[in-house]
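# Structure at a glance
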Amino acid sequence: MASVRLEGLSKQYGTFGAVRDVSLDVRNGEFLTLLGPSGSGKTTTLMMIAGFVTPSSGRILVDGRDVTDEPPHRRNIGMVYQSYALFPHLTVFKNVAFPLEVRKCPRPEIRDRAIEALEIVKLADLGDRYPAQLSGGQQQRVALARAIVFRPPLLLMDEPLGALDRKLREHMQIELMKIQSRLGITVVYVTHDQEEALVMSNRVAVMADGVLQQVGSPEELYQRPANRFVADFVGETNIIDGQVVVAGSTVSALVAPGIEVHARSNRPWAKGDDVCIVLRPECIRTGAAAQGCDNRLEGIVERVIYIGDVSRFMVTLPSGQTLVVKIQNGGEARAANVGERITLGWTAESSWLVAKSQADPTPPLQTV
């Protein structure tokens, strides 16, 4: 296992800041995911850790050793790419053995460790095949075996499941978690898939425009986002703009003329502050279940989307805003029809407040 520390890491391409002043600690044996949309700087950050991109400023430390200026082959870091980057002219066994051959390990050791790595990824019987003879999932496993065969303390993974279909991707998520747990290896993983990040990670670091937005457990990011971007990007959410009219342990915010909503106070707010009320779709109750809730609004059902285990309702409020409501399928889900007026309700505890201005984010709960 290895720890990683990024200190004020930046990468400048001319006047464009791809990564800006990122400081982050990755703990021994942790599975940490860099999550963000395209162009957020997550892959550039990963490539700087690997040594393939030179930082413009800042430092990279692995187990306390400054590797900022060291070439990739001296960092002893495993890497799995989205494209797998397998050698098409080599068998599966020789692909996996290649890192050991480069390190001039003894032949018996190469054979034993390559077989062991293939057994870990459950491909021991396919060593004589070539990459073109394998499925996408099998190729991904070969790439993983090649990355772990020399037993690196740190493994970097750049969207390795992006080319797989949904069912196989979900299966491989669980397999990767099992392998990481078995080996006790530290993993830094890059993805733009929010669900993937929430499922696999001990902690998630959310990036946007080259800046680290928030670091925390999946639960912290989902339930207590630091700012509007994190709230909107991580999971499905409703965001209602409002202005604080009553501040205290419970905050009341005016969201439309004559309409106030109540939310728990998560920081010192003042009357007149512009805020966003973050409300997850599954927290909203409808009909009789909405009675007794701290917040109640009426709206018109504009659309009902059936998704198997749940139904998603698009409900338009008198203010013109549309809220998404997610309900487990059952009697309640079948009761509402398009065009029907229904009552929505949610508790103050279900709401989370963030500053409306992205320049004034709610302080992250997790210190980076």
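Residues numbered from 1 in each chain as written. Predicted model: local features only at pLDDT ≥ 70, side-chain atom pairs only at ≥ 80, totals over all residues. Heavy atoms only, no water.

## Looking at the confidence of the model for the chain
Note the following rule: You can read pLDDT as the predictor saying how much it trusts each residue, on a scale of 0 to 100. The contact rule is simple, with two residues in contact once any of their heavy atoms fall within 4.5 Å.
Per-residue confidence for the chain averages 90 on the pLDDT scale, and 96% of its residues sit at or above 70. Contacts of residues 359-368 to residues separated by more than four positions or lying in other chains number 25 contacts, the stretch itself having pLDDT below 50.

## A few points about the sheet that holds strand S11 (residues 238-246)
Rules: Strand pairing follows a simple DSSP-based rule, namely that at least 2 bridges must link the two strands. We count a stretch as a helix when DSSP gives it H or I for four or more residues in a row; a strand needs E for two or more, and each element gets its number in order from the N terminus. The angle between two axes is taken between their N-to-C directions and runs from 0 to 180 degrees, where each axis is a line fitted to C-alpha atoms and a helix contributes only its stretch in contact.
Sheet architecture is open: 5 strands sit in the order S13-S12-S11-S14-S20, paired in antiparallel fashion. Looking at the sheet topology across the chains shown, the edges are occupied by strand S13 (259-264) and strand S20 (351-355). Going across the sheet, the axis of each strand differs from the next one's by a mean of 45°, ignoring polarity.

## A short note on the pattern of salt bridges
Quick note on the threshold: Each salt bridge in this description consists of a side-chain nitrogen of Lys or Arg and a carboxyl oxygen of Asp or Glu lying within 4 Å of one another. Burial classes: relative accessible area under 20% of the type maximum marks a residue as buried, over 50% as exposed, and values in between as partly exposed (1.4 Å probe, protein chains only).
Overall, the coordinates contain 20 salt bridges when judged by the stated rule. The closest approach of N and O atoms between arginine 5 and aspartate 25, which form a salt bridge, is 2.7 Å. Remark: aspartate 25 occurs in strand S2 (residues 16-26) and arginine 5 occurs in strand S1 (residues 4-13); sequence separation between them is 20 residues. Overall, the relative accessible area of 31% leaves aspartate 25 in the partly exposed class. In this structure, the salt-bridge partner of aspartate 112 is arginine 111, at a minimum N-O distance of 3.5 Å. Salt bridges sharing common partners tie together Arg5, Glu7, Asp25, Arg59 and Asp66.

## Things to note about the sheet that holds strand S6 (residues 77-80)
Think of a sheet as strands paired side by side through backbone hydrogen bonds, with each pair either parallel or antiparallel. With mixed pairing, 6 strands are arranged side by side in an open sheet as S6-S7-S8-S3-S9-S10. Where the open sheet ends on each side, the last strands, each with one partner, are S6 and strand S10 (211-216). Geometrically, the sheet is characterised by an average inter-axis angle of 20° between neighbouring strands, direction not taken into account. Both strand S3 (residues 31-35) and strand S9 (residues 203-208) contribute to a ladder of 4 bridges, which runs parallel. Pairing of leucine 32 across the sheet is with arginine 203, part of S9. Docked against the sheet, helix H1 (residues 42-50) engages S3, S6, strand S7 (154-158), strand S8 (186-191) and S9, running at close to 150° with respect to S7.

## A closer look at the pairing of S6
A two-sided burial pattern is seen for S6, the buried positions comprising Ile77 and Met79 on one face and Gly78 and Val80 on the other. Here S6 pairs with S7 via 4 bridges, running parallel. Residue pairing in the sheet places methionine 79 in a bridge with leucine 156 of S7.

## A word on helix H5 (residues 166-183)
The criterion, for reference: A helix is expected to span 1.5 Å for every residue after the first. Any pair of N or O atoms that falls within 3.5 Å is considered a polar contact. Within protein, one atom must be able to donate a hydrogen and the other to accept it, and sequence-neighbouring residues count only if both atoms are side-chain atoms.
The end-to-end C-alpha distance of H5 is 26 Å, a good match for the 26 Å that 18 residues give at a rise of 1.5 Å each. When H5 is considered as a whole, its buried residues turn out to be Arg169, Met172, Gln173, Glu175, Leu176, Ile179 and Gln180. One side-chain oxygen of the residue at the start of H5 lies 3.2 Å from the amide nitrogen of lysine 167, identifying that residue as aspartate 165. One or two positions beyond H5, positive phi appears at glycine 184, with a value near 65°.

## Quick word on unusual backbone geometry
With a phi close to 55°, aspartate 63 is a non-glycine residue in the positive phi region. Looking at the element boundaries, aspartate 63 is found in the loop between strand S4 (57-62) and strand S5 (65-66). Overall, the relative accessible area of 47% leaves aspartate 63 in the partly exposed class. With a phi close to 55°, arginine 151 is a non-glycine residue in the positive phi region. Examined against the element boundaries, arginine 151 turns out to sit in the loop between helix H4 (136-148) and S7.

## Overview of the environment of asparagine 266
Positionally, asparagine 266 belongs in the loop between S13 and strand S14 (274-279). Distance from asparagine 266 to glycine 248, taken between C-alpha atoms, is 9.9 Å for residues 18 residues apart in sequence. Side chain to side chain, asparagine 266 and tryptophan 269 meet in a polar contact 3.0 Å long. At 2.8 Å, the side chain of asparagine 266 forms a polar contact with the backbone oxygen of leucine 353.

## A closer look at the nonpolar core
Heads up, the condition is: What we call a nonpolar core is a set of buried Ala, Val, Leu, Ile, Met, Phe, Trp, Tyr and Cys residues that are connected through their side-chain atoms within 4.5 Å.
Formed by 37 residues in total, the largest nonpolar core has its most connected members in Val96, Leu144, Leu155, Met157 and Tyr189. Those elements giving two or more residues to this core turn out to be helix H2 (92-102), helix H3 (107-120), H4, S7, H5 and S8. Ranked by the residues each element gives to this core, the list is headed by H4, at 6 residues. Leave out the neighbours within four places in its chain, and valine 96 touches Ala114, Ala117, Leu118, Val142, Ala145, Arg146 and Val149.

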